[in-house]
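Observations on chain architecture
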Amino acid sequence: MRTLLIVNSFATSVTPRNTVQVHQYLARHHDVQVVETSERGHATRFAKDAVLRGLDAVVAFGGDGTLNEVATGLAGSSVALGVLPGGSTNVFARSLGMSNDPLVAVTQLAAGLDGGLVSPIGLGEASGRYFTFHAGIGYDAEVVRQVERTFSFKRLVGQPLFAYTALKTWFVDYDRKFPHFTVTIDGRKVPNGFFTIVLNTNPYTYVGKRAIELSRAASLEKRLVAVTFRRLSTPLMLSTVWSALRKGGISARRGIDIVEDVEEVVFDFPAPFGYQLDGDFIDETTTLTIRHRPEALRLVKPMLVEY
């Protein structure tokens, strides 16, 4: 297969050495070209160029942000997406069952490429940009924005920085007294939104080796799941995190609205609110529409061989 390997050399787990090793392993059976990103949006441009050149596959080697950019560039085309974990969390790759070690993951990906394990998956789409595993509106978008302001520190510290920033944002930076938006889910209005997560797959994220699972109904083969927090109290959030870590999901209850099999979610508010896609802060807006796009992308599924 004619394949483009897009590498984010700034990603946490990407090194010159493992980039060479990944390239050599993929090139055993495939014609592989390597390019490196140098700025935000670069991976999307590389992916779109691969579509124009009629390549067979594009492999994203970086964090979830790199993957998101590549998926956005490939969506709607016949070019398949392959994933290699190179970031600090690698939610999507791990949700596919891949190893978090790039040199193990490349054997799983190569086996999928060699075996032709390519199948269509659905994506979420928000104002022209796609997401593979989730969109966050409100609180977690603010956490991501704060982390991105300390990018160089993020590479050194990793997940502890997210934990510190999440606590600081919770207690200092994010208004938990007044709603931030109104949500309309497939025509049904949900007022007083403080924080919404729209899931395309499960889990929501990982803390170390442990998955934070919000809804096992979320799947690449199904439509979206929308989880809206209508209040943000510390006891409610602690119980939510406990359920997500220990019970494999959370339940709708007072303060939490959960809707499965969602086609469209619309957010609006007079004051701007922030949103993030796949762990990348995108922007602030006063209106946002998220839609499910079935079979939007062809995915190379890894062959999970036991070692």
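1. Some details on the overall build of the chain
- For the chain, the count of helices and strands is nine helices and 16 strands.
- In terms of C-alpha radius of gyration, the chain reaches 19 Å, essentially the compact-globule figure of 19 Å for 307 residues.
- By its C-alpha atoms, the chain is 55 × 40 × 35 Å across when sized along the principal axes.
- Buried residues in the chain amount to 56% of all 307 residues.
- Taking contacts inside the chain between residues at least 6 apart in sequence as the whole, the part at least 24 apart equals 72%.
- Put simply, the chain shows about 13,400 Å² of open surface, and 54% of that area lies on carbon and sulfur atoms.
- The distance from the centre of the 33 positive side-chain charges to the centre of the 30 negative ones in the chain is 6 Å.

2. Focus on a nonpolar patch on the surface
- Taken together, the side chains of Leu 167, Phe 171 and Val 172 present a nonpolar region at the surface, about 340 Å² in accessible area.
- Looking at the secondary structure, you find Leu 167 in helix α8 (residues 159-173).
- Residue classification places Leu 167 among the exposed residues on the basis of a relative accessible area of 54%.

3. Section: helix α5 (residues 102-114)
- Here α5 spans 18 Å end to end across 13 residues, near enough to the 18 Å set by a 1.5 Å rise per residue.
- The complete set of buried residues in α5 reads Pro 102, Ala 105, Val 106, Thr 107, Gln 108, Leu 109, Ala 110, Ala 111, Gly 112 and Leu 113.
- Just beyond α5, the residue with positive phi is Gly 116, at close to 65°.

4. Remarks on the pairing of strand β4 (residues 80-85)
- In terms of burial, β4 is a largely internal element, six of the six residues being buried.
- Burial along β4 is two-sided: Ala 80, Gly 82 and Leu 84 facing one way and Leu 81, Val 83 and Pro 85 facing the other are all buried.
- One crossover worth recording links strand β3 (residues 57-62) to the parallel β4 by way of helix α3 (residues 64-74), and it is right-handed.

5. Section: the packing of helix α2 (residues 42-52) against α3
- Two elements in contact, α2 and α3, have axes whose closest approach is 7 Å; the angle formed by their N-to-C orientations is 35°. The handedness of the crossing between α2 and α3 comes out as right-handed. Residue-level contacts link His 42, Ala 43, Thr 44, Ala 47, Lys 48 and Val 51 of α2 to Thr 66, Glu 69, Val 70, Thr 72, Gly 73 and Leu 74 of α3.
- Per-class residue counts for the contact of α2 with α3 are five nonpolar, five polar and two charged.

6. Quick notes on unusual backbone geometry
- Asn 202 connects to Pro 203 through a cis peptide bond whose omega is 10°.
- With respect to the helices and strands, the residue Pro 203 is situated in the loop between β10 (195-199) and β11 (205-207).
- Here the phi dihedral of Asp 186 falls at roughly 50°; this positive angle occurs in a residue that is not glycine.
- Among the structural elements, Asp 186 can be located in the loop between β8 (181-185) and β9 (188-193).
- A residue is classified by how much of its surface remains accessible, and Asp 186, at 42% relative accessible area, is partly exposed.
- Although it is not a glycine, Asn 192 adopts a positive phi angle of roughly 60°.
- For Asn 192, the position within the fold is in strand β9.

7. Remarks on the nonpolar core
- Within the largest apolar cluster, 50 residues are counted, with the highest numbers of intra-cluster contacts made by Leu 5, Leu 26, Val 70, Leu 81, Leu 84 and Phe 92.
- In this structure, Leu 84 is in contact with Leu 5, Val 22, Val 59, Ala 60, Phe 61, Gly 62, Met 98, Pro 102, Ala 105, Val 106 and Leu 109, ignoring residues within four places of it in sequence.
- Judged by nonpolar contacts, the second largest core, of 24 residues, contains Tyr 139, Ile 197, Val 227 and Leu 232.

8. Looking at the packing of helix α1 (residues 16-26) against α5
- One way to put it is that α1 packs onto α5 with a least axis distance of 10 Å and a crossing angle of 20°. By the angle between their axes, α1 is roughly parallel relative to α5. Judged by the twist between their axes, the crossing of α1 over α5 is right-handed. Here Asn 18, Gln 21, Val 22, Tyr 25 and Leu 26 of α1 come into contact with α5, specifically with Pro 102, Leu 103, Val 106, Thr 107, Leu 109, Ala 110 and Leu 113.
- Along the lines of polarity and charge, the residues of the contact of α1 with α5 split into nine nonpolar, three polar and no charged.

9. Examining the pattern of salt bridges
- A full pass over the atoms with the stated rule returns 14 salt bridges.
- For the salt bridge of Asp 257 with Arg 188, the shortest nitrogen-to-oxygen distance reads 3.2 Å. A residue pair is termed long-range when its members are at least 10 positions apart, and Asp 257 in strand β14 (residues 256-262) and Arg 188 in strand β9 qualify at 69 residues.
- Residue class for Asp 257 comes out buried when judged on its relative accessible area of 14%.
- On the basis of relative accessible area, Arg 188 is assigned to the partly exposed category, the value being 41%.
- Look at the salt bridges and you will find they share partners, linking Glu 142, Arg 145 and Glu 284 into a network.

Cut-offs applied
- Residues numbered from 1 in each chain as written.
- Predicted model: local features only at pLDDT ≥ 70, side-chain atom pairs only at ≥ 80, totals over all residues.
- Heavy atoms only, no water.
- Helix = DSSP H or I, 4+ residues; strand = E, 2+ residues; numbered from the N terminus.
- Rg over C-alpha atoms; globule rule 2.2 N^0.38 Å.
- Buried < 20%, exposed > 50% of the residue type's maximum accessible area, 1.4 Å probe, protein only.
- Contact = heavy atoms within 4.5 Å.
- Areas by Shrake-Rupley, 256 points an atom, 1.4 Å probe, with all protein chains shown as cover.
- Lys, Arg positive; Asp, Glu negative; His and termini not counted.
- Charge placed at Lys NZ, Arg CZ, Asp CG, Glu CD.
- Patch = residues over 30% accessible without salt bridge, like charges linked within 9 Å, V, L, I, M, F, W, Y side chains within 5 Å.
- Salt bridge = Lys/Arg side-chain N within 4 Å of Asp/Glu carboxyl O.
- Expected span 1.5 Å × (residues − 1).
- Right-handed = clockwise from strand over helix to strand, strands pointing away.
- Axes fitted to C-alpha atoms, helices over the stretch in contact; angles between N-to-C directions.
- Left-handed = near helix turned anticlockwise from the far one by under 90°.
- Nonpolar A, V, L, I, M, F, W, Y, C, P; charged D, E, K, R; others polar.
- Core = buried A, V, L, I, M, F, W, Y, C linked by side-chain atoms within 4.5 Å.
- Parallel < 35°, antiparallel > 145°, perpendicular 65-115°, else oblique.

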